[in-house]
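Structural overview for review
Each chain, written out:
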Amino acid sequence: WDAFEHGRDFDFKRSFADQFYELNVSVPHMSLYTKNTDNAYYSNYTLNTKNSYLVYACTNSEDIYFSKFMYQCRNIMDSLSLFNCELGYEGIASEKCYRCQFFTNCRNCSDSLMIEECDGCKNCMMCFGLKNKEYYVLNQYVGKERYEHMRQELGQLSPSKLALMQKQFETLKSKLPHVQSHLYSSENCSGDNLFNCKDCFSCFDITGAENCRYCLITNHAVSC
């Protein structure tokens, strides 16, 4: 189609906004914005994405399902705003996590279940705000043998089991302090969920950016 076919004269007796709106709704719009995407049906705003389904704003990722804002991730499902994560389920605003489930605002964690605000943790369950810990349950050290027994005894997760775990976890979280915002390796920045940024103001879910203002879901941007 030719965009010029939708041209029309400007009416100086009417407002510009009204006429621009009428033009906007009459001209055909692109249905999807994708580039270098393979086998990624029902996806939008995707770049270098492969074997994914129902994803939005996904870059340099593979095998992503029902997720939003993924950057360099693999084998992720039902997640939001993850960076460099792999084999994750229901993760939110986390970076470099491997084989984790139900994790939020975590970094460099692996083989953990239902953790939040954790950094460098491994084999932890229902833990909040821990750093470089292993074999912890509800922020208490249980040891390798007991931890493996508890995981085995837990068995396959079910809605009833998850509800009980969530209740215990929320009780633990309510007694602990929470950080104001999540700024990692970032200098002179404000907002939340920023990774390796500098001089960024009121930005959210961005990585590797510099001198940016009011930006959302942006990777390696400069002066935006």
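This write-up is about the structure you can find in this document. (Residues numbered from 1 in each chain as written. Predicted model: local features only at pLDDT ≥ 70, side-chain atom pairs only at ≥ 80, totals over all residues. Heavy atoms only, no water.)

What to know about the environment of Gly 208
Our working rule: What counts as a helix is a DSSP run of H or I of at least four residues, what counts as a strand is a run of E of at least two, and both are numbered from the N terminus. Any residue under 20% of the maximum accessible area for its type is buried, any over 50% is exposed, and the rest in between are partly exposed; the area is computed with a 1.4 Å probe on protein chains only. Working rule for contacts: check all heavy atoms of both residues, and any pair within 4.5 Å makes them a contact.
When you line up the elements, Gly 208 lands in the loop between strand S15 (203-207) and strand S16 (210-213). Assessed through its relative accessible area of 26%, Gly 208 is described here as partly exposed. Separated by 14 residues in the primary sequence, Gly 208 and Leu 194 have C-alpha atoms spaced 8.4 Å apart. With residues up to four places along the chain from it excluded, the contact list for Gly 208 reads Phe 195, Asn 196, Cys 197, His 220 and Ala 221.

Regarding the side chain of Thr 59
Considering the arrangement of structural elements, one finds Thr 59 in strand S3 (residues 44-71). Those residues in contact with Thr 59 that sit more than four places away from it in its chain are Leu 47, Asn 48, Thr 49, Met 70, Tyr 71, Gln 72 and Asn 219.

Section: the pairing of strand S4 (residues 74-77)
In plain terms, the rule: In this scheme, strands are said to pair when DSSP sees at least two bridges between them.
Here 3 bridges tie S3 to S4, and the two strands are oriented parallel to one another. Paired with Tyr 65 across the strands is Met 77, a residue of S4. Summarising the sheet, S4 and strand S6 (residues 86-95) pair through 3 bridges and their orientation is parallel. If you follow Met 77 over to S6, its bridge partner there is Tyr 89.

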